[in-house]
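A structural walkthrough
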Amino acid sequence: MASSTTSASFSMAVLTSACVWVLIGASASAQLSFDYYTRSCPVLFPTVRLTVGAAIAREAQMGASLLRLFFHDCFVNGCDGSILLDDTPTFTGEKNAAPNVHLVQGFEVVDQVKSAVEGVCPGIISCADLLAIIARDSVVILGGPWWPVKLGRRDARSASQAAANESIPPPTSDLKKLISSFQNVGLNIRDLVAFAGNFSVINLA
Ligand SMILES: *[C@@H]1O[C@H](CO)[C@@H](O)[C@H](O)[C@H]1NC(C)=O
């Protein structure tokens, strides 16, 4: 498909300054794994944790914002970092979609984490994977549960504002709509309640 080639090449230029597109693996069917970067970047986890910890120490609410950032990325065509793509005159991405604009915060922390990780393991870690680790670390640092994060995601080379408008449930959704939009991405009612609790932290702060 010619159009996908075009969008792949121009979106390289619209990635946020610090977030460089990283091509991971050769096979399109590569599986995620817990030890994806164990050999190539053994200091990945402590590096992310330190930077996220510093950001949350400056502003506790940032932890909740970073979890939301990951959720808003994942609800639109999967956890592919597409929310990080900046708009340009010729490209409209997800950042300014109705459910994201003014609501999704923490991009500067993602940039700080990316830059810290690039300092120790240049050109290896995808931004999509960083968002997954950042979200987990945010929850842990704020006293929530720890979970192992599978890694090996590829970064998006395009993004869809229409899909973002469509896929992220607006605050006006009723319970039925919320349950079904979470179910669409494999999340259950327990997950929905956990996310809702997180977002009320943001909204109350
Ligand atoms: C997404 O929603 C916003 C706000 O309603 C609207 O301005 C924008 O045109 C929509 N984008 C697309 C691609 O439908």
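Keep in mind the model is a prediction, meaning the values are calculated, not measured.

1. Digging into the site of the ligand
Around the ligand, a shell composed of Ala 98, Gln 161, Ala 162 and Asn 165 is seen. Between the ligand and Gln 161, the relevant distance is 2.9 Å, taken from a nitrogen atom to a side-chain nitrogen or oxygen of the residue. Look at the ligand: alone it shows 360 Å² of surface, and the protein chains cover 38% of it. Counted by class, the shell around the ligand contains two nonpolar, two polar and no charged residues.

2. Quick notes on the pattern of salt bridges
Inspection of every chain in the model, using the stated rule, returns four salt bridges. Between Glu 118 and Lys 114 there is a salt bridge whose closest N-O contact spans 3.1 Å. With a gap of four residues between them, Glu 118 and Lys 114 both fall in helix H4 (residues 107–120), about one helical turn apart. Linking Asp 137 and Arg 136 is a salt bridge whose minimum nitrogen-to-oxygen distance equals 2.8 Å. Given the relative accessible area of 2%, Asp 137 is considered buried.

3. Concerning the environment of Arg 136
Tracing the chain through its elements places Arg 136 in helix H5 (residues 127–141). The class for Arg 136 is buried, based on a relative accessible area of 4%. Sequence spacing of Arg 136 and Trp 146 is ten residues, and the spatial spacing of their C-alpha atoms is 6.7 Å. Here Arg 136 is in contact with Phe 45, Trp 146, Trp 147, Pro 148 and Val 149, once residues within four sequence places are set aside. Reaching out from Arg 136, the side chain makes a polar contact with the side chain of Asp 137 at a distance of 2.8 Å.

4. As for the confidence of the model for the chain
Predicted confidence across the chain gives a mean pLDDT of 86, with 83% of residues reaching 70 or more. Below a pLDDT of 50 lies the segment residues 1–17, which in the model reaches 21 contacts outside its immediate sequence neighbourhood of four places, other chains included. Note on residues 22–29: pLDDT is under 50 here. Beyond four places in sequence and across chains, it has 17 contacts.

5. Some points on the layout of surface pockets
Empty space left among the atoms is revealed by rolling a probe the size of a water molecule over them. Taken as a whole, the largest pocket holds about 540 Å³ of empty space. Taken together, 20 residues line the largest pocket, and the ones lying closest to its centre are Leu 67, Phe 70, Val 139, Trp 147 and Phe 195. Mapped by element, the contributors of at least two residues to the lining of the largest pocket are helix H3 (61–74), H5 and helix H8 (189–204). With six residues, the top contributor of residues to the lining of the largest pocket is H3.

Reading the values: rules and limits
- Residues numbered from 1 in each chain as written.
- Predicted model: local features only at pLDDT ≥ 70, side-chain atom pairs only at ≥ 80, totals over all residues.
- Heavy atoms only, no water.
- Near = heavy atom within 4 Å.
- Polar contact = N/O pair within 3.5 Å; in protein donor to acceptor, adjacent residues only side chain to side chain.
- Areas by Shrake-Rupley, 256 points an atom, 1.4 Å probe, with all protein chains shown as cover.
- Nonpolar A, V, L, I, M, F, W, Y, C, P; charged D, E, K, R; others polar.
- Salt bridge = Lys/Arg side-chain N within 4 Å of Asp/Glu carboxyl O.
- Helix = DSSP H or I, 4+ residues; strand = E, 2+ residues; numbered from the N terminus.
- Buried < 20%, exposed > 50% of the residue type's maximum accessible area, 1.4 Å probe, protein only.
- Contact = heavy atoms within 4.5 Å.
- pLDDT = per-residue confidence, 0-100.
- 1 Å grid on protein atoms, 1.4 Å probe; cavity = no way out; pocket = protein on both sides within 12 Å on 5 of 7 lines; lining within 4 Å.
- Points joined across faces, edges and corners; volume = space filled by probe spheres on them.

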